[in-house]
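# Observations on the three-dimensional arrangement
Spelled out, the chains give:
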Amino acid sequence: MTSGVHQIPLDQPFSDQKPGTSGLRKSSRQFETPHYLESFIEAILRTVPGIAGGTLVVGGDGRYGNRRAIGVIARMAAAHGVARIITTTGGILSTPAASNLIRQRQATAGIILSASHNPGGPEGDFGVKVNGANGGPAPESLTDAIYACTQSLDGYRIWEETALALDTPGQQSIGNLQLEVIDGVDDYVALMQQLFDFDAIADLLKGDFPIAFDAMHAVTGPYAKRLLEGLLGAPAGSVRNAVPLEDFGGGHPDPNLTYAHELAELLMGSDAYRFGAACDGDGDRNMILGTRCFVNPSDSLAVLTANATLVPGYAAGLSGVARSMPTSAAADVVAKELGIPCFETPTGWKFFGNLLDAGRITLCGEESFGTGSNHIREKDGLWAVLFWLNILAKRREPVAQIMAEHWSRFGRHYYSRHDYEAIASDAAHGLYNRVKEMLPTLVGQSFAGRSIATADDFAYTDPVDGSLTSGQGLRLLLDDGSRVVLRLSGTGTQGATLRVYLESYVPPSGNLHQDPQAALGDLISAIDNLAEIKTRTGMDRPTVIT
Ligand code: VG1
Ligand code: CO
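Values in this document were obtained by computation on a predicted structure and should not be read as measured data.

## So, the pairing of strand S10 (residues 211–214)
- Neither face of S10 is exposed, since Ile211 and Phe213 on one face and Ala212 and Asp214 on the opposite face are all buried.
- Sheet topology places S10 next to strand S12 (residues 275–279); four bridges connect them, and they run parallel. Bridging across to S12, Ala212 finds its partner in Gly276.
- Pairing analysis gives two bridges linking S10 to strand S11 (residues 239–240), with the strands arranged parallel. Counted as the bridge partner of Phe213 is Val239 from S11.
- The parallel pair S10 and S11 is bridged by helix H8 (residues 220–231), and the resulting crossover is right-handed.

This is the structure we're talking about:
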């Protein structure tokens, strides 16, 4: 049946639909430009293999534009011969839950509507991410092909106007397409129950162990309510800001000490809670806090690696771990002791997919509050929260003590990321390209009292398929194992964001309890001198310090 198909011509293609670190991310206003969303969806439907007759999982983090986009995708999918769309009540689906659904239902692909941790609402951002049949972000070869398709697009196909019933589970057809609306929380909760010791965690939470979880008015609210307050018995109110709102309540759903400051103050400034955590807009990031203790995400990956066998889903041990290049080497030290391989990939979850699919790694993570495992092919915020709770339930020690013991066993990687957000694009690229050109001359030069051993632009050869990805960040590796990395963000929507990553290792015999900014102070001033950060950005301090 093709009677309902409309063919809409485009006067000219949109030139700016190049996906970044994780999908196409633009302002909500841009996505409301007539035919803009449709153009990108058309390119996806023309490019992803097996779409005709296939199954698509579609949902998003609930931000402004979510429902409209699901309607457009469903009608366009119907016009392209997609057999089935699986979506969720209210269209609310976290990125990790979407990854799980794609895998569970053996879907052809998924389309996730989110700009992750970027603010939402009519004045905020919107985004479209494409995931493949393994549940992971599309590889660069596919996103490049989608982009290429947008460049010459002369029109798109869409089914006639159709109202969707998204509020309750059920089935509906659009032409030959079956639209199935399911509860978005059930399958994810079932997966978590397979991995973690719910009895042990419930027992921990029954005692004197108050927790605070901040859903930041984003997608994890319904999942966290069901898991933490429902199944695990945490007192009502343990999950804060639990109702997903189209504009995230005006907040910036990025779980770090700056944007999740209410939670940070509760944990860092009082003894009221034993454990605190927050997730981002689409539920794939996590921040972990203990009483007066912030767990650096790079350290978090190392602690999960060292303690994995305490968790039922990982009791048999790990095949390997991976971290993104800018993430500290804390996990490397643990992997070495465990005798398992450790891989270093470029930034972005898509690079972990091949390693996970090939069984080469079990855990992986990024410094940007992302942690995950082979249970799905995305990072997973609530999974990390449950992993920590499972460890705490077994070890019965405060978070701060677990960190102290970890450092005294493995040494400490002092680590910080300084973000300079929304700087003029010219200034950012000028600064970056200048350092890039200087790289060959830097080797052997003195830097913060050490010597620069290696200066390069990170490139990665995928150990599974041999593909090469270059231009992934400027690295200055010093002779004592310290390093500084510069990168330009691939997820911002305003101007450019410069990220400066700083790392310095102290062995177990060294000073393990300094403030990281103080411990890294000489690196911070040396990179400012070398890259002329303050003068070229016109900013005297970073927007966000992690
Ligand atoms: C940032 C992080 C990166 C992460 C990406 C997507 O990218 O640094 O580690 O994978 O966001 O996360 P960039 O290019 O801005 O540094 V999310 O939560 O947006 O899916
Ligand atoms: Co995210």
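## Brief notes about empty space enclosed by the protein
- Applying the stated criterion across every chain, the model contains six cavities of 30 Å³ or more.
- Volume-wise, the largest cavity comes out at about 380 Å³.
- Along its surface, the largest cavity is lined by 34 residues, and Thr21, Ser22, Gly348, Lys379 and Thr491 are the ones closest to its centre.
- Secondary structure elements with two or more residues in the lining of the largest cavity: strand S6 (125–131) and strand S26 (496–506).
- Among the elements that line the lining of the largest cavity, the one with the most residues is S6, at four residues.
- The class makeup of the residues in the lining of the largest cavity is eight nonpolar, 14 polar and twelve charged.

## A few points about the sheet that holds strand S13 (residues 286–290)
- Taking strand neighbours across the sheet as the criterion, the five strands line up as S11-S10-S12-S13-S14 in an open arrangement whose pairing is mixed. The sheet is open, and its two edges are formed by S11 and strand S14 (293–295), each paired on a single side.

## A few points about the nonpolar core
- Ranked by internal contacts, the top residues of the largest apolar core, which has 108 residues, are Phe275, Trp383, Trp388 and Ile527.
- Residues contacting Trp383, with those up to four places away along its chain left out, are Tyr188, Met192, Leu195, Phe196, Leu304, Tyr314, Leu363, Thr371, Gly372, Ser373 and His375.

## Some remarks on the domain arrangement of the protein chain
- Considered domain by domain, the protein chain is made up of domain 1 (5–184), domain 2 (188–410) and domain 3 (412–545).
- Between domain 1 and domain 2, the C-alpha centre-to-centre distance is 28 Å.
- When the buried surface of domain 1 facing domain 2 is broken down by residue, Pro96, His117 and Pro137 rank first, second and third, together holding 22% of it.
- Taken together, the connections running from domain 1 to domain 2 amount to four salt bridges.
- Between Asp282 and Lys129 there is a salt bridge, with its nearest N and O atoms 2.8 Å apart.
- At the junction of domain 1 with domain 2, the criterion picks out 15 residue pairs in polar contact (both at pLDDT 80 or more).
- When residues of the side of domain 1 that touches domain 2 are traced back to their parent elements, those giving at least two are helix H4 (95–104) and S6.

Procedures and definitions
Per-chain numbering applies: the sequence of each chain, read as written, is numbered from 1 onward. Starting at A for chains and at 1 for ligands, labels are handed out in the order in which the entities are written. Thresholds applied to this predicted model are a pLDDT of at least 70 for local features of residues and 80 or more for the giving and counting of side-chain atom pairs; totals over whole chains, interfaces and linings are not thresholded and use all residues. Side-chain numbers come from the whole structure's heavy atoms, not from hydrogens or water. Only protein chains enter the accessibility calculation, which uses a 1.4 Å probe; a residue whose area is less than 20% of its type maximum is buried, one above 50% is exposed, and one in between is partly exposed. Numbering of helices and strands runs from the N terminus, with a helix taken as a DSSP run of H or I at least four residues long and a strand as a DSSP run of E at least two residues long. Each pair of strands is called paired provided DSSP finds at least two bridges between the two strands. Here a crossover is taken to be right-handed if, once the strands point away from the viewer, the path from the first strand over the helix to the second is traced clockwise. The definitions used throughout rest on a 1 Å grid laid over the protein atoms alone, on which a cavity is an enclosed set of points accommodating a 1.4 Å probe that cannot get out and a pocket is an open set flanked by protein within 12 Å on both sides along at least five of seven lines; lining residues are those having an atom within 4 Å of a point. Grid points are joined across faces, edges and corners, and a volume is the space filled by probe spheres set on the points. In this classification, the charged set is Asp, Glu, Lys and Arg, the nonpolar set is Ala, Val, Leu, Ile, Met, Phe, Trp, Tyr, Cys and Pro, and all remaining amino acids, among them Gly, are polar. Nine residue types can take part in a nonpolar core, namely buried Ala, Val, Leu, Ile, Met, Phe, Trp, Tyr and Cys, and a core is a set of them joined through side-chain atoms within 4.5 Å. Contact between two residues is taken to exist if any of their heavy atoms lie within 4.5 Å; hydrogens are not considered. The domain limits used here are those given by an automatic or database domain assignment. Buried area adds together the accessible area that both of two parts lose upon being put together, with accessible area traced by a 1.4 Å probe. Salt bridges are defined by distance alone: a side-chain nitrogen of Lys or Arg within 4 Å of a carboxyl oxygen of Asp or Glu. Two N or O atoms form a polar contact when they lie within 3.5 Å of each other; inside protein one atom must be a possible hydrogen donor and the other a possible acceptor, and for residues adjacent in sequence the pair counts only when both atoms belong to side chains.

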